[in-house]
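Chain and residue survey
Letter by letter, the chains look like this.
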Amino acid sequence: MDDKIPDRTETRAELLPEEQAADSADPEAQARQVLADSDRRTENPEPTMRRRPEETA
């Protein structure tokens with residue numbers, strides 16, 4: 001999926017309001033990192049904790 005990151009970086013580099021408030025010094029580098037992390041979590045999701053019925057409230 002890394003081959004798609006440059007195409008998506010430009011779109012993701014448009015800062016969200018909360019990112020603008022944090023004053024990102026390098027929006028494109030931030031976008032690359034966010035997308036790489038997102039791809040990693042999509043490809044290797046963390047296991048979900050499952051509860052048995054008797055453990056729920």
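For the structure given in this document, a descriptive report is provided here. Just so you know, these numbers come straight off a predicted model, no measurement behind them.

1. Let's talk about the pattern of salt bridges
For side chains of opposite charge, pairing can occur when their charged atoms come near one another. Under the definition given, this model contains 3 salt bridges. Note that Arg40 and Asp37 form a salt bridge whose closest N and O atoms lie 2.7 Å from each other. Linking Arg40 with Asp37, this pair stays in helix α3 (residues 27-43), spanning 3 residues, or about one helical turn. Here Asp37 falls in the partly exposed class, since its relative accessible area comes to 26%. Here the salt bridges do not stand alone but share partners, grouping Asp37, Arg40 and Arg41 into one network.

2. A closer look at α3
A rise of 1.5 Å per residue sets the reference length of α3, with its 17 residues, at 24 Å; its end C-alpha atoms lie 24 Å apart and thus fit the reference within 8%. All of the buried residues in α3 are Ala31, Leu35 and Asp39. Relative to the axis of α3, the buried residues are bounded by an arc of 65° and lie together on one face.

Definitions and cut-offs
- Residues numbered from 1 in each chain as written.
- Predicted model: local features only at pLDDT ≥ 70, side-chain atom pairs only at ≥ 80, totals over all residues.
- Heavy atoms only, no water.
- Salt bridge = Lys/Arg side-chain N within 4 Å of Asp/Glu carboxyl O.
- Helix = DSSP H or I, 4+ residues; strand = E, 2+ residues; numbered from the N terminus.
- Buried < 20%, exposed > 50% of the residue type's maximum accessible area, 1.4 Å probe, protein only.
- Expected span 1.5 Å × (residues − 1).
- Arc of directions from axis to C-beta.

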